[in-house]
Amino acid sequence: MKKSTFAIFLIMLISLAACTPSESSKTDIKIVASTTLVGDVVSQIGGDHIQLTVLFPVGADPHTFEPRPQDVAAISEARVIFLNGLELEHSLESILDSNATGSIVEVSEGVEVLPFKGNLHEGETESDHAVGDPHTWMDPNLVMIWVNNIETALSELDPDNATDYAANAQTYLAELTDLDAWIQTEVDKIPVEARKLVTDHENLGYFIHRYNFTLVGLVVDSLSTGASPSAQDLSALEDAIKEQNVKAIFIGATVNPNLTEQVVKDTGTKLITINTESLGEKGSDTATYIDFMKKLVTAVVDGLQ
Ligand SMILES: [Zn+2]
C-alpha cells in the first residue's frame, strides 16, 4: 500500500469510527409495556432509542397477573407506560394510580371495539362487559392502530428521533399489511361453512370478525380467563360441538386445560393448544407478534382441515 493510499485509508477508518453510534444506543428513555405483545410492537417502533421493560413475563395470563415489587419500580421510572387497554390490565390499576409519573398510553385507543357476545354470570354486571373485547391483537389491522399510537407517543416524548420512529412505523406497517394478506390466503384454505371455532374464553373475537369465522361456543363464557362455567353451560357447549361437527377446540397456553379436556373427552373433538395472550420465549417460533400470529393461524387452519 502506498503511503498516500494508507493515509486515505486511515482517514476513512477514523471517520467510520466517529459515525458508529456506540453512545447513542445507550439511551435513558425508560419505557414500560404491559404485555409481551405490546412490548414487541413498542420495540419495533422505538428500536435502540428506548430502554424497554415489559412487565408481564412470557407465558403470563394478563387477565390474572399480579404485579410484583420490581414492576412498581419500573412503572415509577417510566416516561411512557404502554398498555393494551380495554381493561386487560385491570390488575395494574392500583399500582399505576399510586406510582406512575409518566404518561399512560392505551395502544388500542381508537379501535372499533367489539362487544362481548357471551352471557352475564353470577357476580358480573353489564358494566363488567361494557368495555368490550380487549384482545385487539387478533387482527393485524388493529395492531396498525397500535403502531400509530405508539409512534405518536414516542415522537412527542422524544422529538429529536421522530423521523426514526416514523420510519420504523412505516416499515412495520408494511409487514403487518403482508401478515394480513398471508392470513387471508391461509384462511381461504377452509370453506366458510367450516370456519367454526370453540375457544377457552372469548379471545378470538377480532380474528373471527376479520376472517369470517363463526364462534360456536366458549368453554369459559367470558372475556376473561378468571370466570368458571356452570354444568348447564358446559352441556350446552357439548351439544353445540356435536351438532355443528366442530373439529377442534383451541385453548390458550396460559389457561388451565382441565375443563376443556373434559369437553374434548365428552365430544370426541380435538384439543389444540395455542399461544393467545403471550409471546413465547426469545428465540422460539412465537417470540414476535408476527410469528405468534402465523403460528396461531397455522394451528387453526390445520386444526379445522
Ligand atoms: Zn384473554
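Coordinates for the structure precede this section.
Rules behind the numbers
Residues numbered from 1 in each chain as written. Predicted model: local features only at pLDDT ≥ 70, side-chain atom pairs only at ≥ 80, totals over all residues. Heavy atoms only, no water. Core = buried A, V, L, I, M, F, W, Y, C linked by side-chain atoms within 4.5 Å. Buried < 20%, exposed > 50% of the residue type's maximum accessible area, 1.4 Å probe, protein only. Domains from an automatic or database assignment. Helix = DSSP H or I, 4+ residues; strand = E, 2+ residues; numbered from the N terminus. Expected span 1.5 Å × (residues − 1). Contact = heavy atoms within 4.5 Å. Pairing = 2+ DSSP bridges. Axes fitted to C-alpha atoms, helices over the stretch in contact; angles between N-to-C directions. Donors = N, O, S within 2.8 Å, 3.2 Å for Na, K, Ca; no water. Arc of directions from axis to C-beta.

**Q** Any chance you could explain the nonpolar core here in plain terms?
**A** Within soluble globular proteins, side chains that are nonpolar tend to cluster in buried spots. Core analysis: the biggest nonpolar cluster contains 58 residues, and Phe82, Phe207 and Tyr289 have the highest contact counts within it. When we break this core down by domain, the ones giving at least three residues each are domain 1 (30-111 + 127-182) and domain 2 (189-304). One finds Val32, Ala60, Ala78 and Leu96 within the second-largest nonpolar core, a separate group that totals 13 residues.

**Q** In this structure, what is going on with helix 7 (residues 162-187)? I would like to understand it.
**A** Because the α-helix completes a turn every 3.6 residues, residues three or four places apart line up on one side. For helix 7, with 26 residues, the first-to-last C-alpha span of 37 Å sits near the 38 Å given by 1.5 Å per residue. Those residues of helix 7 that sit buried are Tyr165, Ala169, Tyr172, Leu173, Leu176, Leu179, Asp180, Ile183, Glu186 and Val187. At its buried positions, helix 7 is contacted by helix 2 (36-46), helix 6 (140-157), helix 8 (205-210) and helix 11 (289-304).

**Q** Would you take a moment to explain the sheet that holds strand 5 (residues 196-199) for this structure?
**A** The strands making up a sheet associate through backbone hydrogen bonding, with each pair oriented either parallel or antiparallel. Strand order in this open sheet of four strands is 6-5-7-8, and the pairing throughout is parallel. For this open sheet the edge positions go to strand 6 (214-218) and strand 8 (270-274), each flanked by a neighbour on one side alone. Taking each pair of neighbouring strands and ignoring which way they run, the sheet shows an average axis angle of 35°. Where strand 5 and strand 6 come together, four bridges link them in parallel fashion. The residue of strand 6 that forms the bridge with threonine 199 is leucine 218.

**Q** Sorry if this is basic, but what is going on with the side chain of glutamate 277 here?
**A** With respect to the element layout, glutamate 277 can be found in the loop between strand 8 and helix 11. Of the residues examined, glutamate 277 reaches a relative accessible area of 2% and is grouped as buried. With near-sequence residues (within four places) excluded, glutamate 277 lies in contact with Leu37, Pro62, His63, His135, Trp137, His201, Asn203, Thr254 and Phe292.

**Q** It is not clear to me how the coordination of the zinc ion should be interpreted in this structure. Could you clarify?
**A** Geometrically, a metal with four donors at the corners of a regular tetrahedron has ideal angles of 109.5 degrees, and one with six donors at the corners of a regular octahedron has ideal angles of 90 or 180 degrees. Summarising the metal site, the zinc ion is bound by the protein donors His63 (NE2), His135 (NE2), His201 (NE2), Glu277 (OE) and Glu277 (OE), whose distances to it range over 1.9 to 2.6 Å. Each donor residue of the zinc ion belongs to the same chain, with the gaps between them written as H-x71-H-x65-H-x75-E. Placement of histidine 63 in the loop between strand 2 (51-54) and helix 3 (69-77) and of histidine 201 in the loop between strand 5 and helix 8 is noted, with a sequence separation of 138 residues between them. Judged by relative accessible area, which is 5%, histidine 63 ranks as buried. A residue is classified by how much of its surface remains accessible, and histidine 201, at 1% relative accessible area, is buried.

**Q** Looking at this structure, how should I read the environment of serine 103?
**A** Along the chain, serine 103 turns up in strand 4 (residues 103-106). Spatially, the C-alpha atoms of serine 103 and phenylalanine 82 are 8.6 Å apart, while their sequence positions differ by 21 residues. What serine 103 contacts, discounting residues up to four positions off in sequence, is Arg79, Val80 and Ile81.

**Q** What should I look at first to understand unusual backbone geometry in this one?
**A** Of all residues except glycine, most have a negative phi; of all peptide bonds, most are trans. Even without being a glycine, leucine 86 presents a positive backbone phi close to 55°. As for its position among the elements, leucine 86 is in the loop between strand 3 (80-83) and helix 4 (93-99). Relative accessible area serves as the criterion here: at 16%, leucine 86 is assigned to the buried category. Of note in this structure, asparagine 212 is not a glycine but carries a positive phi near 60°. For asparagine 212, the location among the structural elements is in the loop between helix 8 and strand 6.

**Q** Help me understand the side chain of glutamate 186, please; the structure alone is not making it clear to me.
**A** By secondary structure assignment, the location of glutamate 186 is in helix 7. The buried category is assigned to glutamate 186, whose relative accessible area is 14%. Setting aside residues up to four positions removed in sequence, glutamate 186 forms contacts with Val297 and Val301.

**Q** Looking at this model, I keep getting lost on helix 9 (residues 231-243). Mind explaining?
**A** Between the first and last C-alpha of helix 9 there are 18 Å, a value that for 13 residues agrees with the 18 Å anticipated at 1.5 Å per step. Considered for burial, the residues of helix 9 that qualify are Leu234, Leu237, Glu238, Ala240 and Ile241. What you see down the axis of helix 9 is that its buried residues fit within an arc of 160°, all on one side. Summarising the geometry of helix 9, the exposed residues directed more than 90 degrees from the buried face are Ala231, Gln232 and Glu243. For helix 9, the elements touching its buried residues are strand 5, strand 6, strand 7 (248-252) and helix 10 (258-267). Residue asparagine 245 follows helix 9 closely and has a positive phi angle near 55°.

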